Amino acid sequence: MTQDMKLSKYLFRLLSGVVALSVCFSQLMSTAFAENGGTEKKPQKVYELVTSYNPEYSCKINIYSQSIVIEGCYKSDPVKDVKIRNTGTISTTLKSESDGTFTATINPSEALKDNDVVDITLKSGVHLTYRIGYANGWYFPDNNLSEQNAKVLEKIIPTSAKSWVGYLTDQATEESVRKTLEDVKYLSDYIAKDIEGDYNKTVAIANWVSKNIYYDRDARDTSVTQDTICIKNVLQRKRTVCAGYSNLFCALLEAQGIRAVNIKGTVTSTDISYEELADGKVNHEWCAVWLDNRWVVVDTVWNSGNKYENGRFIKGKSYEKYTDITPLALSFDHCAYLAESRYYFRALEYFEKQQTVTSPPETDEPQSFETVTSVPETTADTESIAPETETATSTQETTTAETQTVPISSEDKQSKPEEVSSVTEESKEEQSEQFSADSETEENEEKNLWPWIIALAVIAVILILVDVGYLVVAKKNKDKGE
């Protein structure tokens, strides 16, 4: 082999070593950068949004290059106007029929910022808003929270009979539990009377809760206790926070033999933006109902414009936006962390078990979920409830209103319970253990690559040094020969 050929060989090896070292360095930097937070992950772009699966209260929004086309039906509250809230329009056409169906086309002018909302105004004055982004064209952002919300419903957490008692009443007595269940059953039958089909019953019960219960801002701003969220007091006072709404809604459904679960998670608020949803603290509770082999998501709080503030009941506008809302539409402002099964009509089981010396393990899943015909026997004690911190997004009226008459009577004595502790961080830790296994595995696999990358880099450096040394010696020998 000639001297020039040897030099070419070592030059090639040197170049290969430099390339290998560059690749290793790039991988190390990108991995370290990702572990330290990396750049903000941008949402995917979607150009069609179906707002709800309820055919009588939903629309489909399609985004095209120069226009946004909307069509749908709001049977009980026809559409009055559509627009992009903070962006001007070149032209807008709206055709609304007497049966609630409508079509609309918006030709927006140039965007003023990179995000806005599609604003659909109904005849009642309610505004239905949906997040929209702009980056060389309009689009709906998809932050993949739809998958997160679905995973939560795949791993529903069972709860104890003791906790069911606490969600029903602040008096852990068999008499109080039985009386509360009778009131729930009576009210549920009153709402669902003459309504056929579980889906229609669910919609009717959701509407009743949203229209007749008031969000207690006074309690939210001071302290949220078992006294605030137990069903007995919610029915008596007509006010509560999100946990009380979800307890009442699920119990009313259970009385009709309809299965529902309570979901804890994060919603957008004055403190939590859309971009922060996935990492925000737990601050809300809503529900999912199992109907026709699928989950129907319902948030009776965000459907309600009612509020109780400074000791006054203020009647607001209620709507059905968050009844059977689609996964993408929900992901604009809701991120679930865990879902719980609570069986209110089995709460009397708690007292049965207290009568035995030794109790067998509790089974939280019943063999069947049948319509309640009489108050059965179930359990009690409170669980931690996250204080409500979200702010309602619906348009509200500010006229003072008295609470509406509820067709029940419930005069049980009230006793002040201990304050319910916050579970914001605890819930998040439980969620991360149960629903982040895939991401943790991926992180571990990435960490396992570090030793191999470093070893390859060391080998590349050694080869480079050897080749450089040989080239230096070869150069000196060549100079001497000349």
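The structure this text deals with has already been given above.
Points about the overall build of the protein
Each helix and strand in the protein was counted, giving 13 helices and 20 strands. Every one of the 482 residues in the protein was classed for burial, and the buried ones make up 49%. The long-range share in the protein, meaning contacts at least 24 apart out of those at least 6 apart in sequence, stands at 75%. Element-wise, carbon and sulfur atoms account for 51% of the exposed surface of the protein, whose accessible area totals about 23900 Å².

What to know about the sheet that holds strand β4 (residues 68–74)
The strands that make up a sheet are held in pairs by hydrogen bonds between backbone atoms, and each pair lies either parallel or antiparallel. Reading across from one edge, β2-β3-β4-β7-β6 is the order of the 5 strands in this open sheet, with antiparallel pairing throughout. Of all the strands in the sheet, just β2 (48–50) and β6 (89–96) have a single pairing partner and so form its edges. Mean inter-strand twist for the sheet, computed between neighbouring axes without regard to direction, equals 10°. Where β2 and strand β3 (residues 57–63) come together, 3 bridges link them in antiparallel fashion. What sits directly across from E48, in β3, is N62.

A look at the side chain of D116
Inspection of the secondary structure puts D116 in strand β8 (residues 115–122). Buried charged residue D116 carries no salt bridge. Nearest counter-charge: K113, at 6.0 Å. Here N86 takes part through its backbone nitrogen, which lies 3.1 Å from a polar atom of the side chain of D116. If we ignore the near neighbours within four places in the chain, the residues touching D116 are I84, R85, N86, T87, Y130, R131, I132 and W138.

Quick notes on the sheet that holds strand β19 (residues 334–341)
Read across the sheet, 5 strands follow the order β11-β19-β14-β15-β16 without closing on themselves; strand pairing throughout is mixed. Lying at the two open borders of the sheet, with one neighbouring strand each, are β11 (157–158) and β16 (294–298). Most of the contacts of helix α5 (residues 198–212) go to strand β15 (residues 284–291), to which it runs at about 160°, and overall it touches β15 and β16.

A closer look at the nonpolar core
Of all hydrophobic cores here, the largest spans 97 residues; its most connected members are I70, Y74 and I120. Here this core takes 9 residues from helix α9 (residues 242–254), the largest share from any one element.

What to know about the pattern of salt bridges
Taken as a whole and judged by the stated rule, the model has 19 salt bridges. Between K60 and E71 there is a salt bridge; the shortest N-O distance is 4.0 Å. Linking K60 in strand β3 with E71 in strand β4, this pair joins segments that are 11 residues apart in sequence. For E71, a relative accessible area of 38% corresponds to the partly exposed category. Of the charged contacts in the structure, one is a salt bridge between D216 and R239, with a shortest N-O distance of 2.9 Å. Linking D216 in strand β12 (residues 214–216) with R239 in strand β13 (residues 239–240), this pair joins segments that are 23 residues apart in sequence. Classification of D216 as buried rests on a relative accessible area of 4%.

Here's the deal with the pairing of strand β9 (residues 127–134)
As paired strands, β8 and β9 are joined by 7 bridges and run antiparallel to one another. If you follow D116 over to β9, its bridge partner there is I132. Joining the antiparallel neighbours β8 and β9 is a turn of 4 residues, in which G125 adopts a positive phi near 100°. Across 2 bridges, β9 lies against strand β10 (residues 138–142) in antiparallel orientation. Paired with Y134 across the bridge in β10 is W138. Count of turn residues in the β9/β10 antiparallel hairpin: 3 residues, of which N136 carries a positive phi of about 60°.

Reading guide: rules and limits
- Every chain is numbered independently, its residues counted from 1 as its sequence is written.
- The predicted nature of this model means local features are confined to residues of pLDDT at least 70 and side-chain atom pairs, given and counted, to a pLDDT of 80 or more, with totals for whole chains, interfaces and linings taken over all residues.
- As a rule here, side-chain values come from all non-hydrogen atoms in the structure, and water together with hydrogens is ignored.
- Put simply, DSSP marks the helices as runs of H or I at least four residues long and the strands as runs of E at least two long, and each gets a number from the N terminus on.
- Burial classes follow relative accessibility: with a 1.4 Å probe on protein chains only, a residue under 20% of its type's maximum area counts as buried, one over 50% as exposed, and anything between as partly exposed.
- Any pair of residues with heavy atoms lying within 4.5 Å of one another is described as a contacting pair.
- For every accessible area listed, the method is Shrake-Rupley and the probe measures 1.4 Å; residues are considered covered only by the protein chains on display.
- Whether two strands pair depends on DSSP finding at least two bridges between them.
- Axis lines are fitted through C-alpha atoms, for helices just across the contact stretch, and the angle between N-to-C directions can take any value from 0 to 180 degrees.
- Under the convention used here, Asp and Glu are negative, Lys and Arg are positive, and both His and the chain ends fall outside the count.
- The salt bridge definition used is simple: a Lys or Arg side-chain nitrogen within 4 Å of an Asp or Glu carboxyl oxygen.
- What qualifies as a polar contact is a pair of N or O atoms within 3.5 Å, subject to a donor-acceptor requirement within protein and to the restriction that residues adjacent in sequence count only when both atoms come from side chains.
- By nonpolar core we mean a set of buried residues, namely Ala, Val, Leu, Ile, Met, Phe, Trp, Tyr and Cys, connected to one another through side-chain atoms within 4.5 Å.

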